[in-house]
Amino acid sequence: MLTIGKHQFQSRLLLGTGKYPNFDVQKQAVEVSDTEILTFTVRRMNIFEPSQPNFLEKLDLEKYSLLPNTAGAKTAQEAVRHAKLAKASGLCDMIKVEVIGCDKTLLPDPVETLKATEELIKEGFTVLPYTSDDVVLARRLEELGAHAIMPGASPIGSGQGIINPLNLSFIIEQTSVPVIVDAGIGSPADAAQAMELGADGVLLNTAVSAANDPVKMAQAMKLAIEAGRLGYEAGRIPKKRSATASSPMEGLSIG
C-alpha cells in the first residue's frame with residue numbers, strides 16, 4: 001500500500017488530467033491506468049461555478065482521490081491561497097505544493113516552497129511538496145512535516161527522464177515518508193527506473209497525455225511502475241566487470 005498521511009492507495013501511479021486531445025481520450029487513459037489519484041491545477045478549474053466548463057466532467061470522481069496542485073503560484077502566499085480554495089470546495093485535504101521560481105526551467109523556488117509547506121501543515125493539510133532533486137531541501141521538507149516528497153526527475157514536461165539518479169537515490173534513502181517522482185518522465189523505461197531506485201510512486205501527465213496514443217501509454221506506464229516496484233522489492237543482482245557462468249560447473253564430468 002502507498003500511504004500518504006491518513007490516505008492509503010493500491011496504485012503507485014498518480015495521473016495528471018490536463019493536455020489530453022479530448023475528454024474521451026482522457027477518460028479512457030485514466031481508466032486503463034488504474035490510478036487512484038488524479039491531480040489538477042486549482043487555477044484551471046472554476047471549482048465554485050458548476051455552469052462553467054469542467055475538464056473533469058467525463059470522469060467519475062467518486063472513484064478517485066483528487067490532488068489539487070498550486071501550479072502557477074510564484075510565492076508561498078499564492079500557493080496557500082490556492083490550497084485553501086481547493087479545500088473550501090470540499091475536494092480533498094491533500095495538496096501538491098508547487099511554487100515555480102524560474103519561468104525558463106520551471107524549477108521550484110526552494111525558499112517559497114518551504115514557507116508554503118510549513119504554513120499548510122499548520123493549517124491541517126496533507127502536504128506533498130514538489131521540489132528539485134536537492135537532497136538537503138528534501139530533508140528540510142520532511143523535517144517540517146511534509147507527508148510525501150515529490151522530487152522532479154528532470155524539468156517539467158521535458159521527457160528527459162531521470163537526469164540525476166544519484167541524487168534521487170540519496171533522497172529516497174534518507175526519507176521516511178513516500179518519495180513520489182514528479183516531472184520529466186518520458187517513457188515507461190523512465191518510470192520503471194524510478195521505481196527500481198526505490199521510489200514509492202510516480203506522477204505523470206505529459207508523458208501520457210501528449211503521447212501518440214495516450215491510452216496505450218497510460219497502460220504501459222501502469223505496467224512499468226508495477227514491474228519497477230517488483231524489481232526493487234526482489235533486489236537486483238550486483239553489476240560485475242567480468243562474466244559469471246549462469247550454469248554450475250561443479251559435478252560435471254570433463255571428457
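Residues numbered from 1 in each chain as written. Predicted model: local features only at pLDDT ≥ 70, side-chain atom pairs only at ≥ 80, totals over all residues. Heavy atoms only, no water.

The backbone of Asp 34 sits at a positive phi, close to 60 degrees, despite the residue not being glycine. Mapped onto the elements, Asp 34 comes out in the loop between α1 (23-33) and β4 (37-41). Residue class for Asp 34 comes out partly exposed when judged on its relative accessible area of 42%. Of note in the backbone geometry, Ala 183 takes a positive phi value of approximately 90 degrees without being a glycine. With a relative accessible area of 9%, Ala 183 lands in the buried category. (Helix = DSSP H or I, 4+ residues; strand = E, 2+ residues; numbered from the N terminus. Buried < 20%, exposed > 50% of the residue type's maximum accessible area, 1.4 Å probe, protein only.)

Under the present numbering, the feature "binding site: 1-deoxy-D-xylulose 5-phosphate" (unreviewed entry) in UniProt falls on Gly 157, Ala 183, Gly 184, Asn 205 and Thr 206. A stretch of 50 residues holds the annotated residues, and the largest C-alpha distance among them is 9.5 Å, short enough that they meet in one place. Take Gly 184: it is sitting in the loop between β9 (180-182) and α6 (188-196). Setting aside its immediate chain neighbours within four residues, Gly 184 contacts Ser 154, Pro 155, Ile 156, Gly 157, Ser 158, Gly 159, Gln 160 and Gly 161. Here Asn 205 lies in the loop between β10 (201-204) and α7 (206-209). Under the relative-accessibility criterion, Asn 205 is labelled partly exposed at 22%. (UniProt positions renumbered as here; feature names shortened; annotations may be inferred. Contact = heavy atoms within 4.5 Å.)

Further remarks concern the environment of Asp 93. With respect to the helices and strands, Asp 93 occurs in the loop between α2 (76-88) and β6 (94-97). On the basis of relative accessibility, which here comes to 14%, the residue Asp 93 falls in the buried class. For the pair Asp 93 and Val 25, spaced 68 residues apart in the sequence, the C-alpha separation amounts to 28 Å. Discounting chain neighbours no more than four positions away, the residues touching Asp 93 are Lys 6, His 7, Gly 124, Phe 125 and Thr 126. A polar contact is formed between the side chain of Asp 93 and the side chain of His 7, at a distance of 2.8 Å. Engagement of the side chain of Asp 93 in a polar contact is seen with the side chain of Thr 126, the distance being 2.7 Å. (Polar contact = N/O pair within 3.5 Å; in protein donor to acceptor, adjacent residues only side chain to side chain.)

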